[in-house]
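Next come the chains, spelled out residue by residue.
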Amino acid sequence: MAKLTVIAAPSGAGKTSLIEALLKDSGDVEFNLSISYTTREKRINEKDGESYFFIDNWEFERMLKNKEFLEHAEVFGNFYGTSKSWVDEQLKKGRNILLELDWQGAFQVKSAYPSAVTIFIIPPSYDELEARLNERGLDKSGVIEKRLAEAKKEIKQGQSFDFLVVNDEFEKALSDLKSLAIQNKELPKERKAIVESHLQALLEE
């Protein structure tokens, strides 16, 4: 049976890098990564049709009215959506799907496909998250402040996901992700304890 896996995280938590590494080394389990539609401006390192399908607000509204999205959300003034027909088609063909979404989209997918597995990635701390956002060099300081404030809200929502992974060390986080998404195994006790410890500290800040 085809697997539908949703991975979400706050900006800067390392979600995209972990997903890229997971797709390169997924063993016998082949995932098809869904490409979202967005009204956000294309960044220098992005390609239309690979990173996202970049469309304007008018086209997004048209697709929304025609109920073409499985899920959609507004994030920092930009709109994102996943094609419902594409997901349905892939599942019918028995292909495993990986969706890279925010928590809002993940909840919508879970509602439509209760068997979907949702995984939320958390940073080890807000200080580390801020450092990673600054290292990316993609946002101005004001935007980074907004992303950090939003991260606190996102992490509260992330508690409701099926599984949580902490990106404290990339290789360990990747191993945890592989266990959950590929091997259908729960995290080892020591990694579970680390997740719970970091989550508690993030929620208390």
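The text that follows walks through the structure, step by step, so that each part is easy to find. A quick note: this is a predicted structure, and the numbers were derived from the prediction, not measured. (Residues numbered from 1 in each chain as written. Predicted model: local features only at pLDDT ≥ 70, side-chain atom pairs only at ≥ 80, totals over all residues. Heavy atoms only, no water.)

## Quick notes on the sheet that holds strand S6 (residues 78-83)
Strand order across the open sheet formed by four strands is S4-S3-S6-S5, with mixed pairing between neighbours. A strand with exactly one partner marks an edge of an open sheet, and here the two such strands are strand S4 (53-54) and strand S5 (69-75). Contacts between helix H2 (residues 57-65) and the sheet are confined to strand S3 (37-38), S5 and S6, with S5 contributing the most and set at about 140° to the helix. In the packing of helix H3 (residues 84-92) onto the sheet, the strands contacted are S5 and S6, and the crossing angle to S6 comes to about 30°. (Pairing = 2+ DSSP bridges. Helix = DSSP H or I, 4+ residues; strand = E, 2+ residues; numbered from the N terminus. Contact = heavy atoms within 4.5 Å. Axes fitted to C-alpha atoms, helices over the stretch in contact; angles between N-to-C directions.)

## Quick look at the sheet that holds strand S8 (residues 117-122)
An order of S2-S7-S1-S8-S9 is seen for the five strands of this open sheet, with the pairing classed as parallel. This sheet does not close on itself; its edge strands, each paired only once, are strand S2 (31-33) and strand S9 (163-166). Direction aside, neighbouring strands of the sheet carry axes that sit 25° apart on average. Here helix H4 (residues 103-112) sits on the sheet and contacts strand S1 (4-8), strand S7 (96-101) and S8; the angle it forms with S7, its principal contact strand, is near 145°.

## Focus on the environment of Tyr80
Tracing the backbone shows Tyr80 in strand S6. Residue Tyr80 is classed as buried on the basis of its relative accessible area of 16%. Note: C-alpha distance between Tyr80 and Arg40 (40 residues apart in sequence) is 8.1 Å. When near neighbours in sequence (up to four residues on either side) are disregarded, Tyr80 contacts Tyr37, Thr38, Arg40, Tyr52, Phe60, Glu71, His72, Ala73 and Val75. A polar side-chain atom of Tyr80 sits 3.2 Å from a polar atom in the side chain of Arg40. (Buried < 20%, exposed > 50% of the residue type's maximum accessible area, 1.4 Å probe, protein only. Polar contact = N/O pair within 3.5 Å; in protein donor to acceptor, adjacent residues only side chain to side chain.)

## Remarks on the nonpolar core
Judged by nonpolar contacts, the single largest core of 47 residues is most densely connected at Ile7, Leu22, Leu99, Val109 and Ile122. Non-local contacts of Leu22, meaning those with residues more than four positions away in its chain, are made with Ile7, Leu98, Leu174, Leu177, Lys178, Ala181 and Ile182. If you look at the next biggest cluster of nonpolar residues, it comprises five residues, including Ile55, Phe60, Met63 and Phe69. (Core = buried A, V, L, I, M, F, W, Y, C linked by side-chain atoms within 4.5 Å.)

## Points about the packing of helix H1 (residues 15-24) against helix H7 (residues 170-181)
Running from N to C, H1 and H7 point in directions that differ by 60°, and their axes come no closer than 10 Å. One element, H1, and the other, H7, form an angle in the oblique class. Note on packing geometry: the crossing formed by H1 with H7 is right-handed. On H7, the residues that touch Ser17, Leu18, Ala21 and Leu22 of H1 are Phe170, Ala173, Leu174, Leu177, Lys178 and Ala181. (Parallel < 35°, antiparallel > 145°, perpendicular 65-115°, else oblique. Left-handed = near helix turned anticlockwise from the far one by under 90°.)

## Digging into the packing of helix H5 (residues 126-136) against helix H6 (residues 141-158)
Contact pair H5 / H6: the axes reach a minimum separation of 11 Å and the direction vectors enclose 135°. Taken together, the axis directions place H5 and H6 in an arrangement best described as oblique. Viewed along their axes, H5 and H6 form a crossing whose handedness is right-handed. The segment H5 lies against H6, with Tyr126, Leu129, Glu130, Leu133, Asn134 and Arg136 engaging Ile144, Arg147, Leu148, Ala151, Lys152 and Ile155. Counted by class, the contact of H5 with H6 contains seven nonpolar, one polar and four charged residues. (Nonpolar A, V, L, I, M, F, W, Y, C, P; charged D, E, K, R; others polar.)

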